[in-house]
Amino acid sequence: MPRLLKLHTYLVLAFLYLPIAVIVALSFNQSRFGVRWTGFTWQWYLRLFHHHRVAVYAENTLIVAVASTLIATVLGTLLALGLYRYSFRLKGAIRFLIYVPVVIPDIVMGVALLLFFAWVRVHTGWLRLSLTTIVLGHVTFQIAYVALVVRSRLAGLDPALEEAAQDLGAGSYATFRHVTLPLILPGVLAGALLAFTLSLDDFVITFFTAGPGSTTLPLYIFGSVKRGVTPEIHALSSILIAATTVGLVLGRALLRRR
Amino acid sequence: MNRSATSRARRLLELLLTVGPGALWLLIFMLIPALLMLEASFLQRGPYGRLVGPFTLANYLRFFGLTPEGFDPLYLGILWRSAVFAAGVTAITLLLGYPLAFAIATSRRKETLLLLVVLPFWTNFLIRIYAWIVIFQRHGVVNAALGALGLGPLPLYPSWFAVYVATVYTYLPFLVLPVYTAVERIDWTLLEAAQDLGAGRVRGFLHAVLPQTLPGVVAGVLLVFVPALGTFVISDLLGAGRVILIGNVIQQQFGVVRDWAFGSAAAYVLMALVLLGLWGYARVAGEEGLDRLV
Amino acid sequence: MKRTLISLLAVLAGLSLARGELRLFNWADYIPEEVVAEFERRYQARVIIDTFEAPEAMLAKLQAGGDAEYDVVVPPDYYVLEMARTGLIRSLDPAKLPNLKNLAPEFKDPAYDPQNRHSIPYQWGTTGIAYDAQAVTRPVDSWGVFFDPKRYAGPCFLLDEMRETIGAALKYLGYSLNDTDPGHLAEAKKVLLGAKKRCLGFAGGVEARSRLLSGDAAVVHAYSGDIVQIQGEAPQVRYRVPKEGGTIWTDAVAITRRAPHPELAYAFLNFILEPRIAAAISNYNSYATPVAAALPYLDPALKDNPAVFPPKAVRQKLEYIHDIGDAIRLYDRIWTELKSR
């Protein structure tokens, strides 16, 4: 890597982690209203362990993020693949349909889903608001992001590779499994990562699709704007970052040993 | 049954299996709900903020400033300001994100680096934005650092500068991820060929590398520009609510004003403009350009 | 993990959950955990708390069928009557709420909900001015610190709340918070534009107090409870209702019309009207309690604090925000213009 590029990378990473450093620092700050440093304390971590509701909210958040990312990654990847490979009459319309979740303002999509779910519920009794409806809402915007990222990987992929495999007698599935998928895998993973991140942090659409008992962390945090976010949330964020980092390091170490 | 009929049936089946589920999902959970809101945009605000008929164009006329008293550029001006803001954010994000995506894709530890880029965004949005205020406030992190050097303090909060920094920060991964996927599959032999032909580093990059990454750039630019066009929380918090963006206008209608009809109309104007832009791009760039856009 | 999975399955199967369950729709961190635990213990029930960040969003969810999902909601005063009229909340049966007797006289028949027919008051407070006594350059006693250049007392923030902020300007000019006269509103816009030039900007309630703590501002437009909460940590911060008067608000507690567990909901309403419980809630929130019988159990820092319980002369100048119907569009217009200059 050229030296300049390396420097740029370190600088941008520093930029990305500057607010995170502030959050970790605030999690050890004595002040409940932390905008200025008033002294060191562990108390927010201790309180966090007694705040059983936050644990439930975190659990809900993770369940929704994992489930929706899995569904959206499969559907979005297939969608991108199909649009890349085939020409058909409605192709243009479907292309534009994919942009709608990206373009539509969150609040409008949230209210739209709320009204739609209510309408379905009145007529069929299905779709009671719960974690499931949150997942339905998240998948809807995630599909678009996954499809766009995967598509940017497919664009310019050499069609000769797929054709060669099929000429050699490989069926569509075999071609997909052994030729196409390995080629687009980085795009699929990047799309999944983006989808997961979006789900983890979504507030507006989650709010309008959530039912009783399905509060997630973003709902709780946005709900506390009236009384102020407590440093317990900073402690929770710090733990999450630390846990992911440790997981990352351990994972790499294990891989290297193998 | 002849061979071409079976192959056509098979093609149809494959099409239904790939495009089918995703398209059906979007049809049910996006198109139908979006049509409900489109209908709302032609209704009016009734008592208690409910939607009432009859159908009217009033909300659209109001947005475009076509009032009986004459032209009123209030909302169009806000829309223009939001577009300029989103364009600025996108340009800076591209400047920061493109080289970063490049560095990651060509690194030996790309998975780790990619995760490092995304990890900060697993912390709640609001918490991150509050952290930026602590960084920029009068006795904040930046001014403390400047003070240690005998400089400052600078009036960084509230400011447009702070708004830009936090917005670029928020959308950086949306650009890095698609660009990364495009760079990751670059055919480097093209660069070698160009260099063999005597192209310098810059020309080699411009002619042999950049074009190959364009699909990722186009996707990334879209994923930054479009959401940035609708933001309002960041400008409210780091800009201390001194400006109003189109996102504020829409939010306000679904909030205290409870005029869902006008809010939906404003949202549909915004969406229509972006989709029109895409359509125009597709027309200019042709089939190949369209292919880059899904 | 297991618990969530089970409840998820139950919801999926359309089964109703355990009978002893109360579903509360509230702001986050607006009720102390000890109070919830005490209720759960005494009534052998589980309390599920979901949170909202804007009353209008809460209304939208109730309208879309949420009134059959939640038992108890916490709306602001100005939406209580509307929610009753549109059938989102039920009329209360006073016989099931013997603790109504504990309320202070002025909360037994509040203007926003005569005779507490549909709701009970939960917490109340005022909107006024908070300032750093060491940083201000002039005495702070009037909305003029924002609206009159001659009374400017230091770097300032206005609330980023349309009704509160336009309301403050109206109060400064001597009009009602709920004035809908276009001429009066035009005057309000003029003084607001001046204030925008002099002040640093607009901030939400909690944000405003953070700006005071961080030293960015000397004077902010703020909610009483937010400021009282920080006085222990920052004694130099003061709060007062300006001499022209300010806003009084009450958060109410109501039972949804189709509440799945109405008996438990009544028990909850009655429970939070108990003196010790009401005091615990106020001590946690630093807002005033409408339960007069709770006063002996309040922290002295609250009980004797004029910022929490303003003296009679001040209370007479306080005004509730009302739903002003379609006139809200006039406010919206002014607010949009104010923000786009």
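Note that this is a predicted model, so its numbers are computed, not measured.

About the criteria used
Residues numbered from 1 in each chain as written. Chains lettered and ligands numbered in written order. Predicted model: local features only at pLDDT ≥ 70, side-chain atom pairs only at ≥ 80, totals over all residues. Helix = DSSP H or I, 4+ residues; strand = E, 2+ residues; numbered from the N terminus. Rg over C-alpha atoms; globule rule 2.2 N^0.38 Å. Buried ≥ 20, exposed ≤ 12 C-beta atoms within 10 Å, placed from the backbone. Contact = placed C-beta atoms within 7 Å. Domains from an automatic or database assignment. Nonpolar A, V, L, I, M, F, W, Y, C, P; charged D, E, K, R; others polar. Pairing = 2+ DSSP bridges. Right-handed = clockwise from strand over helix to strand, strands pointing away. pLDDT = per-residue confidence, 0-100. Core = buried A, V, L, I, M, F, W, Y, C linked by C-beta atoms within 7 Å. Axes fitted to C-alpha atoms, helices over the stretch in contact; angles between N-to-C directions. Left-handed = near helix turned anticlockwise from the far one by under 90°. Expected span 1.5 Å × (residues − 1). Arc of directions from axis to C-beta.

Caption draft 1: Representation of the overall build of chain C. Broken down by element type, chain C carries 14 helices and nine strands. For chain C, whose C-alpha radius of gyration is 21 Å, the value lies close to the compact-globule estimate of 20 Å for 341 residues. Each principal axis of the C-alpha atoms in chain C carries an extent, and together these give about 65 × 45 × 40 Å. Burial analysis of chain C (341 residues in total) assigns 52% to the buried set. A fraction of 72% describes how many contacts in chain C between residues 6 or more apart in sequence connect residues 24 or more apart.

Caption draft 2: Expanded view of the overall build of chain A. Scanning chain A from N- to C-terminus turns up 11 helices and zero strands. Ordered by position in the sequence, the α and β elements of chain A form the string α-α-α-α-α-α-α-α-α-α-α. Taken along the three principal axes of its C-alpha coordinates, chain A extends 70 × 60 × 35 Å. A total of 258 residues make up chain A; the buried ones form 52% of that total. Excluding contacts between residues fewer than 6 apart, the proportion of contacts in chain A whose partners are at least 24 apart in sequence is 79%.

Caption draft 3: Looking closely at the domain arrangement of chain C. Residue and element names in this part refer to chain C. Partitioning chain C into structural domains gives domain 1 (12–124 + 249–309) and domain 2 (125–248 + 315–340). The straight-line distance from the C-alpha centre of domain 1 to that of domain 2 is 28 Å. On the domain 2 side, the residues contacting the 16 residues of domain 1 number 13 residues. In terms of residue count, helix α4 (residues 77–85) provides more of the side of domain 1 that touches domain 2 than any other element does, three residues in total. Of the residues assigned to the side of domain 1 that touches domain 2, the class counts are 10 nonpolar, four polar and two charged.

Caption draft 4: Main features of the pairing of strand β1 (residues 21–26) of chain C. Residue and element names in this part refer to chain C. For β1, a buried count of five out of six residues is recorded, marking the element as mostly surrounded by other parts of the structure. Here β1 pairs with strand β2 (residues 46–51) via six bridges, running parallel. Looking across to β2, one finds that glutamate 21 is bridged to arginine 46. The parallel pair β1 and β2, bridged by helix α2 (residues 33–43), forms a crossover whose chirality is right-handed. Across two bridges, β1 lies against strand β3 (residues 72–73) in parallel orientation. Bridge pairing links leucine 24 to valine 72 in β3.

Caption draft 5: Region of the structure containing the confidence of the model for chain A. Averaged over every residue, the pLDDT of chain A is 90; the share at 70 or more is 99%. Mean pLDDT across the elements of chain A ranges from a minimum in helix α7 (residues 159–167) of chain A, with 78, to a maximum in helix α9 (residues 204–209) of chain A, with 96.

Caption draft 6: Seen up close, the interface of chain C and chain A. Counting residues at the interface gives 33 residues for chain C and 35 residues for chain A. Per-class residue counts for the side of chain C that touches chain A are 17 nonpolar, nine polar and seven charged.

Caption draft 7: Quick look at the nonpolar core. Grouped together as the largest cluster of nonpolar side chains are 277 residues, with contacts concentrated most on Val111 of chain A, Ala266 of chain B together with Phe157 of chain C. Sorting elements by how many residues they give to this core places helix α7 (residues 160–183) of chain B first, with 16 residues. Shared between two domains, this core takes at least three residues from each, and those domains are domain 1 (12–124 + 249–309) and domain 2 (125–248 + 315–340) of chain C. Excluding its chain neighbours within four sequence positions, the residues that come into contact with phenylalanine 157 of chain C are Ala240 of chain B together with Cys199, Leu200, Gly201, Phe202, Ala203, Ala208, Arg211, Ala217, Val220 and His221 of chain C.

Caption draft 8: A look at the interface of chain A and chain B. In this assembly, 81 residues from chain A lie in contact with 79 residues from chain B. Elements with a minimum of two residues in the side of chain A that touches chain B: α1 (3–27), α3 (52–85), α4 (91–103), α5 (106–124), α6 (131–154), α8 (172–201), α10 (217–223) and α11 (231–257) of chain A. A class-by-class count of the residues in the side of chain A that touches chain B yields 61 nonpolar, 13 polar and seven charged.

Caption draft 9: Representation of the packing of helix α8 (residues 189–196) of chain B against helix α9 (residues 201–229) of chain B. All names here are of chain B. At a closest axis distance of 9 Å, the pairing of α8 and α9 adopts a crossing angle of 145 degrees. The element α8 and its partner α9 pack so that their crossing is right-handed. For the pair α8 and α9, the contacting residues are Leu190, Leu191, Ala194 and Gln195 in the first and Gly204, His207, Ala208 and Val209 in the second. Its residues assigned to classes, the contact of α8 with α9 shows five nonpolar, three polar and no charged.

Caption draft 10: Geometry of unusual backbone geometry. Omega for the peptide link from glycine 53 of chain B to proline 54 of chain B comes to -5 degrees, which places this bond in the cis form. In this fold, proline 54 of chain B is placed in the loop between β2 (51–52) and α2 (58–63). In the segment running from tyrosine 157 of chain B into proline 158 of chain B, the intervening peptide bond is cis, with an omega of -10 degrees. Along the chain, proline 158 of chain B turns up in the loop between α6 (141–148) and α7. In this structure, tyrosine 48 of chain B is a non-glycine residue whose phi angle is positive, near 55 degrees. Exposure remark for tyrosine 48 of chain B: the 15 C-beta atoms within 10 Å place this residue in the partly exposed category. The residue serine 286 of chain C is not glycine, and still its phi comes out positive at about 65 degrees. Relative to the helices and strands, serine 286 of chain C resides in the loop between α11 (275–285) and α12 (300–303).

Caption draft 11: Representation of the environment of threonine 93 of chain B. All names here are of chain B. Its location among the elements puts threonine 93 in helix α3 (residues 74–105). Note on threonine 93: 27 C-beta atoms within 10 Å, which makes it buried. The residues contacting threonine 93, other than those within four sequence positions of it, are Val168, Tyr171, Leu172, Leu175 and Val224.

Caption draft 12: Molecular detail of helix α7 (residues 182–198) of chain C. All names here are of chain C. Taking 1.5 Å of rise per residue, 17 residues should cover 24 Å, and α7 covers 25 Å from first to last C-alpha, within 8% of that figure. Regarding α7, the residues found buried are Leu185, Ala188, Leu192 and Ala195. Looking down the long axis of α7, one finds its buried residues gathered within 75 degrees of arc, a one-sided arrangement. Every exposed residue of α7 that faces more than 90 degrees away from the buried side is listed here: Gly183, Ala186 and Lys197. In this structure, the buried residues of α7 make contact with α5 (144–147), β5 (156–159), α6 (162–172) and α14 (328–340).

Caption draft 13: Molecular detail of the packing of α3 of chain A against α8 of chain A. All names here are of chain A. Running from N to C, α3 and α8 cross one another at 145 degrees; their axes reach a closest spacing of 9 Å. Every pair of crossing elements has a handedness; the one defined by α3 and α8 is right-handed. Judged by residue contacts, Thr61, Val64, Ala65, Ser68, Thr69, Ala72, Thr73, Gly76 and Thr77 of α3 engage Val188, Gly191, Ala192, Ala195, Phe196, Ser199 and Leu200 from α8. Counted by class, the contact of α3 with α8 contains eight nonpolar, eight polar and no charged residues.

Caption draft 14: Inspection of the environment of glycine 152 of chain B at higher detail. With respect to the helices and strands, glycine 152 of chain B occurs in the loop between α6 and α7. Taking the C-alpha atoms as reference points, glycine 152 of chain B and valine 142 of chain B, separated by 10 residues in sequence, lie 9.2 Å from one another.

Caption draft 15: Here's a closer look at the confidence of the model for chain C. Residues and elements named next belong to chain C. Confidence in the prediction for chain C averages 93 pLDDT; 94% of positions are at 70 or higher. Put simply, helix α1 (residues 2–12) is where chain C has its lowest mean pLDDT, 49, and β3 is where it has its highest, 98. Across residues 8–18, where pLDDT falls below 50, the model places 11 contacts with residues more than four positions away in sequence or in other chains.

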